[in-house]
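Geometric and topological summary
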Amino acid sequence: MFLESVRLALRSIARNKMRSLLTLLGVIIGVAAVIALLTIGGGAREQIRAEMAGQGSRLIFAFAGMVRDPASPAEIKVQPLTNEHLMNLDKSIGQHATIAAQAETRLRVSYGARGLSAQIRGVSESYFTLREWTLKRGRLLSPLEVASHAGTCVIGSKVAKALFGTENPIGARIRIGHPHCRVVGELAPKGASFSGDQDTLALIPLGLFQIRISGRNELAQILINAPSEALVAPLKVRVAEEMRRLRRIAPGRNDDFQVDDMAEYMRQAGSIIGNVTAILGAIAAISLLVGGIGIMNIMLVSVTERTREIGIRMAIGARQRDILVQFLTEASVLSLLGGLIGIGLGLAIAWVVTAFMNVSFVPNLTAVSAIAAVSAMIGIVFGFFPALRGARLDPIDALRHE
Amino acid sequence: MNAPGKTAPLLAFENVWRSYGGGDTQVHALSGVSFGIERGTFTAVTGPSGSGKSTTMNILGALDVPSRGIYRFMGSDAGRLDNASRAELRNRHIGFVFQGYNLLPRTTALENVELPLIYRGLPPPARHAMAEKALEQVGLEGRRHHTPAALSGGQQQRVAIARALVSEPTLLVADEPTGNLDTERSREIMALLTALNRERGLTIVMVTHEADIAAFASRQISFHDGRIAFDSDAGAAV
Ligand SMILES: Nc1ncnc2c1ncn2[C@@H]1O[C@H](COP(=O)(O)OP(=O)(O)O)[C@@H](O)[C@H]1O
Ligand SMILES: [Mg+2]
């Protein structure tokens, strides 16, 4: 009897292909949105975990913060970090943790006639030990090169592509702004990530950066790698205390710098993803509701169109519940169909987007089956009223219906 | 109501009223109708339009219930059965033939004939076999995969008769079965019904407004204004 209803439902849907498809649009869009979001969001979370594993969740960052002068609140002063801070921090906590620094700017990088604007980063000696680097060819800057402000650099994959195409850049002399430097290494492509574009990049010794490019002994960031995750929190406190002392901040005054850690960044990124997913999820829920109402509408039309059929079925022995089951089955087969199309579409969208975002494509099978069940439920819930209306018809009136 | 010694009739109306609406606008489609129908008989119901023929057939077929009075079918008070029990009664014991055939559109003859068996919960192979047999009985075995649109009126009515026969009913209720057919087709349908009555002992109650069609039946009941005006078998009526 139930199989009979499913067969009937499929036949009835097949008879009205266009109408069924249009009716299902709401459900299809809603389900596709939910599936795409969950899959992309899941991939993004996976990416964050991978980045944490790659960059180390033990990293602490110190950088200059903005402070308002109480005398003129509209003015925002930034007191930059300097080499002095780096040296002093290294002196006070260098025996407990690895400390490095970087300075950054955007500049044109060129080789002969070719050039592009890239992120130029001056890095201190221990910078390369803080996280993993994957080279395509060549090597990283040696400690000696960094210490001696040598004119050497490591370039990102997009810089290499723009300046050298497919040729080997190692040994070539390129210009970074004015100064020349010799390419010693090319990084493997990293793709866009939550820390931004990692490929349009050139790494040079910090000293070279400060002397030949910025002309100041300022730093963008001091990085401290805690020896263990447990030590991240106490070390952050230590760093903050040390910075207050170095920058002579009177007790009671606010910090004019900021100390963050990688885990916190990842948490923040995770919670942004969570919020975006929640908002878009709510939109998806609304479109599922609209889809449900669409199904209710089309089922009311279907019951009205088939009033005579209902009368005939009742005359030959269909009970009210047989009619109810028939139309409920039709509604849920219809919405399940919409759900399945939506799942297919959502996975396709997620596949394209994750490929584009360079994030892993990990379909959540639990979510997919839950959504399939939900879409069948939508049919049962929104199909109930029309089905009941059909089941409650008086057979004689129904038979007289034209 | 029956002569002593006679077995109880298949069905009986006992002072049946059927009223629509209420108060000043109340209409009585039937006003105290009583009659009995014996097993194996063929009864024609006649009367002018609006006299209550269809109302009577609907109650006979357990599609409707009396407003007052008793409709007894095979000994039980069919007017007091709930919806589901009446559906089962129709499914097992009653076959309907309507003036407008009432076949499901875009559905083959075979599937139309199988329909009552689906609600009886029979598995497909048994359904197919029984439906094929019923189509053979009405001479349409060659049209089993035709949809109603591809069949003539006479053929459609024969499919409808096959659908009524497939559940091996006790009573066949036919409301103007030849009303939409020409004389030749009407005679074929009547020949079929007469044969079913004679050879299989099927009890038939049929509405018609044509005297020559009514003549095929062995008994005539005539309605006028919701009452029985004439009954050729007056002895059986109360
Ligand atoms: N659903 C209804 N509501 C109100 N009046 C009805 C309804 N059905 C039938 N009637 C009335 O009952 C009377 C008998 O109808 P019916 O049994 O269909 O007559 P017949 O079949 O003999 O032409 C008519 O007057 C008709 O108008
Ligand atoms: Mg009538």
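Before going further, it helps to examine the interface of chain A and chain B. In this complex, chain A contributes 21 residues to the contact, which on the side of chain B involves 23 residues. Together, the buried faces of chain A and chain B total about 2000 Å²; carbon and sulfur atoms form 58% of this surface. On the chain A side of the interface with chain B, the three residues burying the most area are Ile312, Ile316 and Ile396 of chain A, jointly 28% of the side's total. The tally of links from chain A across to chain B stands at three salt bridges. Notably, a salt bridge pairs Arg11 of chain A with Glu111 of chain B, separated by 2.5 Å at the nearest N-O pair. Counting every contact that joins chain A to chain B gives seven residue pairs in polar contact (both at pLDDT 80 or more). Those elements that provide at least two residues to the side of chain A that touches chain B are helix H1 (2–15), helix H9 (307–315), helix H10 (320–357) and helix H12 (395–400) of chain A.

Moving on, we come to the sheet that holds strand E8 (residues 203–207) of chain B. Residues and elements named next belong to chain B. With mixed pairing, six strands are arranged side by side in an open sheet as E6-E7-E8-E3-E9-E10. What marks the edges here is a single partner per strand, and that holds for strand E6 (94–98) and strand E10 (227–231). Going across the sheet, the axis of each strand differs from the next one's by a mean of 20 degrees, ignoring polarity. Strand direction decides the pairing type here: E6 and strand E7 (residues 171–175), joined by five bridges, are parallel. Paired with Gly95 across the two strands is Leu172, which belongs to E7. Lying over the sheet, helix H2 (residues 83–93) contacts E6 and E7, oriented at roughly 80 degrees with respect to E6.

Moving on, we come to the pattern of salt bridges. Residues and elements named next belong to chain B. All told, the structure shown has 29 salt bridges over all chains when counted by the stated rule. Linking Asp77 and Arg80 is a salt bridge whose minimum nitrogen-to-oxygen distance equals 2.7 Å. A salt bridge links Glu132 to Arg144; its shortest N-O distance comes to 2.6 Å. Taken together, the residues span a long stretch of sequence, with Glu132 in helix H4 (residues 124–137) and Arg144 in the loop between H4 and helix H5 (153–165) at a distance of twelve residues. Taking the relative accessible area as the measure of exposure, Arg144 reaches 25% and is therefore partly exposed.

We now examine the confidence of the model for chain B. Residue and element names in this part refer to chain B. Mean pLDDT over chain B: 94, with 96% of residues reaching 70 or higher. Within the model, pLDDT remains below 50 along residues 1–5, and this stretch shows seven contacts once partners closer than five positions in the same chain are excluded. The complex prediction reports pTM at 0.76, with the ipTM value standing at 0.95.

All residues in the neighbourhood of ligand 1 are listed as Arg400 of chain A together with Tyr20, Ala29, Pro48, Ser49, Gly50, Ser51, Gly52, Lys53, Ser54 and Thr55 of chain B. Ligand 1 sits at the junction of chains A and B, each of which supplies nearby residues. Here an oxygen atom of ligand 1 and a backbone polar atom of Gly50 of chain B are 2.7 Å apart. Between ligand 1 and the protein, one listed contact pairs an oxygen atom with a backbone N or O atom of Gly52 of chain B at 3.1 Å. For ligand 1, whose accessible area on its own is 560 Å², the fraction buried by protein is 65%. The dominant element in the shell around ligand 1, judged by the number of residues it contributes, is helix H1 (residues 53–60) of chain B, at three residues. Taken together, the residues of the shell around ligand 1 sort by class into three nonpolar, six polar and two charged.

Here we come to the nonpolar core. By size, the foremost hydrophobic cluster in this structure holds 68 residues, and its most contacted members are Leu11, Phe13, Phe35, Leu60, Tyr71, Phe73 and Leu171 of chain B. Counting residues per element, this core draws most heavily on H10 of chain A, at eight residues. When residues no more than four places from it in sequence are discounted, the contact partners of Phe73 of chain B are Leu10, Leu11, Ala78, Leu89, His93, Ile94 and Leu171 of chain B. Ala62, Leu86, Ile93 and Phe209 of chain A belong to the second-largest nonpolar core, a separate cluster that totals 42 residues.

How each quantity is defined
- Each residue is numbered by its place in its chain's sequence as written, counting from 1.
- A letter from A marks each chain and a number from 1 marks each ligand, given out in the order of writing.
- Selection of residues for local features in this predicted model requires a pLDDT of at least 70, selection of side-chain atom pairs for listing and counting requires 80 or more, and totals for whole chains, interfaces and linings are taken over all residues.
- The side-chain numbers reported here are obtained from all heavy atoms of the structure, hydrogens and water having been left aside.
- The contact rule is simple, with two residues in contact once any of their heavy atoms fall within 4.5 Å.
- When two parts are put together, the accessible area they lose, computed with a 1.4 Å probe and summed over both, is reported as buried area.
- In the sections that follow, a salt bridge refers to a side-chain nitrogen of Lys or Arg positioned within 4 Å of a carboxyl oxygen of Asp or Glu.
- For this analysis, a polar contact is any N or O atom pair within 3.5 Å, provided that within protein one partner can donate a hydrogen and the other can accept it, and provided that sequence-adjacent residues contribute only side-chain to side-chain pairs.
- Per the convention used, a helix needs a DSSP run of H or I reaching at least four residues, while a strand needs a run of E reaching at least two, with both numbered from the N terminus.
- When DSSP finds two or more bridges between a pair of strands, those strands are recorded as paired.
- To get an axis, a line is fitted to the C-alpha atoms, and for a helix only the part in contact is used. The angle between two axes follows their N-to-C directions and goes from 0 to 180 degrees.
- Here the term buried applies to any residue with accessible area under 20% of the maximum for its type, exposed to any over 50%, and partly exposed to those in between, with areas from a 1.4 Å probe on protein chains only.
- Residue-level confidence of the predictor is summarised by pLDDT, bounded by 0 at the bottom and 100 at the top.
- The nearness test applies per residue and asks whether one of its heavy atoms lies within 4 Å of the molecule or strand.
- Only the protein chains shown count as cover for residues, with accessible areas throughout obtained via the Shrake-Rupley method and a probe of 1.4 Å.
- In this count, Pro and Cys sit with the nonpolar residues alongside Ala, Val, Leu, Ile, Met, Phe, Trp and Tyr, while Asp, Glu, Lys and Arg are called charged and the others, Gly among them, polar.
- Among buried residues, the Ala, Val, Leu, Ile, Met, Phe, Trp, Tyr and Cys ones that are joined through side-chain atoms within 4.5 Å form a nonpolar core.

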